[in-house]
Amino acid sequence: MACWYEGPLAAFDTETTGVDVEADRIVSAALVVQDAPGVRPRVTRWLVNPGVPVPAGATEVHGLTDDHLQRNGRWPAPVMYEIAEALAEQARVGRPLVVMNAPFDLTLLDRELRRHRASSLDRWFERTPLLVLDPRVLDKHLDRYRKGRRTLTDLCAYYGVELEAAHDAAADAAAALEVTRAVGRRFASRLERLSPGELHTLQAVWHAAQARGLQAWFARTGTDEVVDPAWPLRPDLPAVA
């Protein structure tokens, strides 16, 4: 039986109005499904009119303007439902989902569901859990002493994966999927006996350790930034008294 990195995988990515998972909005998303390496993937794309202005800085990153989104984007409520259903389908068929820096994209989706559907992402996975593979977490754990950044662009360059149209949700998802396959092959001796379910559990532990290390480094350098150890989804913020 083929190892997980040689089998069916899906990948999910979003483009947003910013980097605050509690306040920013999804403006585009994509799900890429590939049944085997080298097979042409099936791609589903969503374009969203977020109902709020898109900052110029965000538009510079992904190229999506207010005018374009207002003319071509759909209202968030039905889109967020469709995305959650599409991810739930991956869980139902047992197909692992690649999400680069999963706590960002999945938490944003969760907050959008709460905002527009009075729901939460967890409700879609009460019966069948989502199996997430995060190439950033995998790479940082398996090659922890390598210097340099670990953005998707950096990982693509390191693992020899072509990234076309960076910051397009579909292109980024497809590249993250290929990077994950490449990580699996490079570290086959450490990964081939682990199932996606076992890896999901281990990544939560690995990410927490990585977060503690980064938090300690911030403390030494006098940086006030707080690193959340939760993975693949950050818990809801407690209500203000």
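Since this is a predicted model, take the numbers as computed values, not measurements. (Residues numbered from 1 in each chain as written. Predicted model: local features only at pLDDT ≥ 70, side-chain atom pairs only at ≥ 80, totals over all residues. Heavy atoms only, no water.)

## Remarks on the side chain of Gln203
Operational definition: Helix and strand assignments come from DSSP, with helices taken as H or I runs of at least 4 residues and strands as E runs of at least 2, each series counted from the N terminus. Throughout, exposure labels follow a simple rule: accessible area from a 1.4 Å probe, protein chains only, divided by the maximum for the residue type, with under 20% read as buried, over 50% as exposed, and the rest as partly exposed. Any N or O atom pair separated by 3.5 Å or less is treated as a polar contact, with the protein-specific requirement of one donor-capable and one acceptor-capable atom, and with residues adjacent in sequence counted only for side-chain atom pairs. Contacts are assigned to residue pairs with any non-hydrogen atoms lying within 4.5 Å of each other.
Tracing the chain through its elements places Gln203 in helix H9 (residues 196-221). Gln203 sits in the buried class, given a relative accessible area of 0%. Here the side chain of Gln203 touches Val132 through a polar contact of 2.8 Å, landing on its backbone oxygen. For Gln203, the residues in contact, after removing those within four places along its chain, are Val132, Leu133, Asp134, Val137, Leu138 and Trp231.

## A few points about the sheet that holds strand S2 (residues 26-34)
The following threshold applies: Strand pairing requires that DSSP identify at least two bridges connecting the strands.
In spatial order, the strands read S3-S2-S1-S4-S5; together these 5 strands make up an open sheet with mixed pairing. Two strands in the sheet have a free side with no partner beyond their single neighbour: strand S3 (42-47) and strand S5 (132-133). The pairing of strand S4 (residues 97-98) with S5 spans 2 bridges and is classified as parallel. Each residue of the ladder has a partner; that of Leu97, found in S5, is Val132.

## Re the pairing of strand S1 (residues 9-16)
The buried fraction of S1 is high, at 8 of 8 residues. The alternating pattern of S1 places Leu9, Ala11, Asp13 and Glu15 on one face and Ala10, Phe12, Thr14 and Thr16 on the opposite face, and all of these are buried. Pairing of S1 with S2 involves 8 bridges; the strand directions are antiparallel. Paired with Leu9 across the bridge in S2 is Gln34. Relative to S4, S1 runs parallel, the two sharing 2 bridges. If you follow Ala11 over to S4, its bridge partner there is Val98.

## Some points on the packing of aromatic side chains
Put simply, the test is: The criterion for an aromatic pair is that two Phe, Tyr or Trp rings (for Trp, the six-membered ring) have centres within 6.5 Å, with stacked assigned to planes under 30 degrees apart, edge-to-face to planes over 60 apart and tilted to the rest. Here, over-ring charges are defined by two tests on the NZ atom of lysine or the CZ atom of arginine: distance to the ring centre within 6 Å, and angle to the ring normal within 35 degrees.
One pass over the structure, following the stated rule, counts 4 aromatic pairs. Geometrically, the ring pair formed by Trp4 and Tyr5 is edge-to-face, given 5.2 Å between the ring centres and 85° between the ring planes. For the pair formed by Trp4 and Tyr5, the shared burial category is buried. With 5.0 Å between their ring centres and 85° between their planes, Tyr158 and Tyr159 make a pair best called edge-to-face. Residue classification places Tyr159 among the buried positions, given a relative accessible area of 10%. One cation-aromatic arrangement involves Arg146 over Tyr158; the distance from NZ or CZ to the ring centre is 3.9 Å.

## Here's the deal with unusual backbone geometry
Residue Pro232 follows Trp231 across a cis peptide bond; omega there is 0°. Counting through the fold element by element, Pro232 comes out in the segment after H9. At Ala165, a residue that is not glycine, the phi angle is positive and equals roughly 55°. In this fold, Ala165 is placed in the loop between helix H6 (152-159) and helix H7 (169-186). A positive phi angle is found at His167, which is not glycine, with a value near 75°. By the secondary structure assignment, His167 is in the loop between H6 and H7. For His167, a relative accessible area of 38% gives the class partly exposed.

## Concerning the pattern of salt bridges
Side-chain pairs of opposite charge can arise whenever the charged atoms involved come near each other. Which entries qualify depends on this criterion: The salt bridge criterion pairs a side-chain nitrogen of Lys or Arg with a carboxyl oxygen of Asp or Glu, the two atoms within 4 Å.
Going through the model one piece at a time under the given rule, you end up with 14 salt bridges. Residues Glu82 and Arg74 are paired through a salt bridge, measuring 2.6 Å at the closest nitrogen-oxygen approach. With relative accessibility at 35%, the residue Arg74 sits in the partly exposed group. Where Asp110 meets Arg111, a salt bridge forms, and the shortest distance between an N and an O atom there is 2.6 Å. For Asp110, a relative accessible area of 0% corresponds to the buried category.

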